[in-house]
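Letter by letter, the chains look like this.
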Amino acid sequence: MKATIVVLPGDGIGPEVAAAGVAVLKAVAERYGHEFSFDQQLIGGAAIDAVGDPLPAATRAACEKADAVLLGAVGGPKWSDPNAPVRPEQGLLAIRKALGVFANVRPLKLHPRSAALSPLKPEKTKGVDLVFIRELTGGIYFGAKTRSDTDATDECRYTVVEIERVMRHAFELARTRRRKVTSVDKANVLETSRLWRSVAIRIGQEYPDVSLEHQLVDSMAMLLLTRPADYDVIVTENMFGDILTDEGAVLAGSLGLLPSASLGEKPCGLYEPIHGSAPDIAGLGLANPLGTILSTAMLLRHSLNLPTEAALVEAAVDAVLEHGNLTRDVGGTASTQDVLDAVLDACNAKAEAA
Ligand code: NAD
Ligand code: IPM
Ligand code: MN
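Values in this document were obtained by computation on a predicted structure and should not be read as measured data.

Calculation rules
Residues numbered from 1 in each chain as written. Chains lettered and ligands numbered in written order. Predicted model: local features only at pLDDT ≥ 70, side-chain atom pairs only at ≥ 80, totals over all residues. Heavy atoms only, no water. Axes fitted to C-alpha atoms, helices over the stretch in contact; angles between N-to-C directions. Helix = DSSP H or I, 4+ residues; strand = E, 2+ residues; numbered from the N terminus. Parallel < 35°, antiparallel > 145°, perpendicular 65-115°, else oblique. Left-handed = near helix turned anticlockwise from the far one by under 90°. Contact = heavy atoms within 4.5 Å. Nonpolar A, V, L, I, M, F, W, Y, C, P; charged D, E, K, R; others polar. Near = heavy atom within 4 Å. Polar contact = N/O pair within 3.5 Å; in protein donor to acceptor, adjacent residues only side chain to side chain. Areas by Shrake-Rupley, 256 points an atom, 1.4 Å probe, with all protein chains shown as cover. Buried < 20%, exposed > 50% of the residue type's maximum accessible area, 1.4 Å probe, protein only. Pairing = 2+ DSSP bridges.

1. Considerations on the packing of helix α9 (residues 217-226) against helix α10 (residues 238-252)
Contact pair α9 / α10: the axes reach a minimum separation of 9 Å and the direction vectors enclose 15 degrees. For the element pair α9 / α10, the angle class is roughly parallel. As for the relative orientation of α9 and α10, their crossing is right-handed in sense. Contact residues: α9 offers V217, M220, A221, L224 and L225, while α10 offers F240, L244, E247, G248 and L251. Here the residues of the contact of α9 with α10 are counted per class, giving eight nonpolar, one polar and one charged.

Shown next, in the form of C-alpha cells:
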C-alpha cells in the first residue's frame, strides 16, 4: 500500500527516537512491499526557532492530509521561561486539536522482564495488561486562561459530547478485552467530574456486557501501584490521564518504554511515545527508542490497517526486551542505535521464520 507519514521530530531526544521509528517503518515497508513516503515537518521549540510559531501552517497542512503522523517530543529548558510569550508544548496541543484526536490510547502491557526493570516488587507487575484512554482535546488543557500580576486562572470545561465520545471509545475497546472499564474522576470535588461520572453511567448502560466502576483519581494513583493487575480499561480526563500514565510507566520500568496512539473520527492518528524531550540525556545516544517503535506498531495497526506488520514490530520489541542489551534507563549499556539495530535484526529474523 501507499501511505504518507508526516514525521514531527521536535526537540531534545525527539529527533533521536523519531529517527528510530522511521527506520522501523522503512524496514517494514521494504519487507512487505509498501510505499511509505515520509514528510518531515517542524514542531515545538525547533519550529519556534525557525519560524517563531510552535505549529507552523505548513506543518498543520501536511498533517491534515497525511495518513498518519509520528511525533518525537517537544519542549526543553531553552523555551521554558515561565514568562515566554509562546511555548513548544502549544504546538503539540494545537496539532492534537487540529487533528481531532480526542482519545489518547496508552497501553500498559508489561513484558515479563518488567518485573526486573521496575523498582516495584515483582509480584506487583505480574499480569499487568491495561490500557489508559486519556481524553486529549478538552478539559483544563484547553480552557480559557488568564494571567495578571497578582493571579492566574485555567478553566476546566467538559461538554457532554466530549465525554460521550471518549467513553464510547473506552467501552468499545473493553469489549475486545476483559470487559471492564474503570472511569477515573474527582467527582467529590469537581463539577466537571460529576458530569463525567453521570455520562459514564449513561453510556455504560449501552454496554451491559461491560462492567463499569468509578475511582477517585487520588485513590487511583495508589491502586495503580498496589493492584495494577486488576485493571483493564481506565478512562479519564486529560490532566488525570497525563499524570497517571507517567506513574504507570514505573510499573513497566521506564517512561521510555510506553507508546501511544491519539485517535479521532478520521483514520489519520497521531503516534508518539508518552515521554518528553528528556533534555538531561538529549544528544547523548542514551534515549530509549522502544516507546516510539511501539508507537509505530500502533500506527501500522490503527491508521494503516496493517495488523500483521504491527504484530511483527511488537514481536521484535518483545524479543529485544527478552534477551537484548537495553538502554541505560532500563539498566543496560546499549545506545539508541544499538537498540534500533537489535529491533531491526529481530524483525528480519521473525519475518524470515514466518
Ligand atoms: P521527560 O519525559 O522528558 O523526562 C523525564 C525523565 O525520563 C528524564 O530523566 C528523562 O531522561 C527520562 N526519559 C524520558 N524519555 C526517555 C527515553 N526515551 N529514554 C530514556 N530516558 C527517558 O519529562 P520532563 O523532563 O518533565 O520534560 C522535559 C520536556 O519535555 C518539557 O519541556 C515537557 O513539557 C516536555 N514533554 C513533552 C512531551 C511530548 O512532547 N509529548 C511529553 C512530556 C513532556
Ligand atoms: C504528554 C505531555 C504533554 C501533555 C505536554 C508536553 C503538553 O506531557 O504528551 O503526556 O501534557 O499532554
Ligand atoms: Mn505527559
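Let us keep going from here.
2. Describing the site of ligand 2
Lining the immediate environment of ligand 2, one finds E89, L93, R96, R106, R134, Y141, D242 and I274. R106 is positioned with one of its side-chain polar atoms (N or O) 3.0 Å from an oxygen atom of ligand 2. Interatomic distance of 2.8 Å between a side-chain N/O atom of R134 and an oxygen atom of ligand 2. For ligand 2, the accessible surface in isolation is 320 Å², of which the surrounding protein chains cover 79%. If one sorts the elements of the shell around ligand 2 by residue count, helix α4 (residues 88-99) sits on top with three residues. Counted by class, the shell around ligand 2 contains three nonpolar, no polar and five charged residues.

3. Some points on the side chain of N238
Along the chain, the position of N238 falls in helix α10. Leave out the neighbours within four places in its chain, and N238 touches R134, E135, L136, T137, G138, Y141, F142 and Y158.

4. A look at the site of ligand 1
Every one of the 21 residues lining ligand 1 counts as a neighbour, but E89, G276, A278, D280 and N288 are closest to it. At 2.9 Å from a nitrogen atom of ligand 1 is found a side-chain nitrogen or oxygen belonging to E272. Within the backbone of N288, an N or O atom sits 2.8 Å from a nitrogen atom of ligand 1. If ligand 1 stood free it would expose 800 Å²; the protein chains cover 70% of that surface. Grouping the constituent residues of the shell around ligand 1 by class yields ten nonpolar, seven polar and four charged.

5. A few points about the pairing of strand β1 (residues 2-10)
Side-chain direction in a regular strand flips from residue to residue, so the side chains alternate between the two faces of the sheet. With respect to burial, β1 is a largely interior element, seven of its nine residues being buried. Both β1 and strand β2 (residues 35-40) contribute to a ladder of six bridges, which runs parallel. Within β2, the position partnered with V6 by the bridge is D39. Strand direction decides the pairing type here: β1 and strand β3 (residues 68-73), joined by five bridges, are parallel. Residue pairing for β3: L8 is matched across the bridge by L71.

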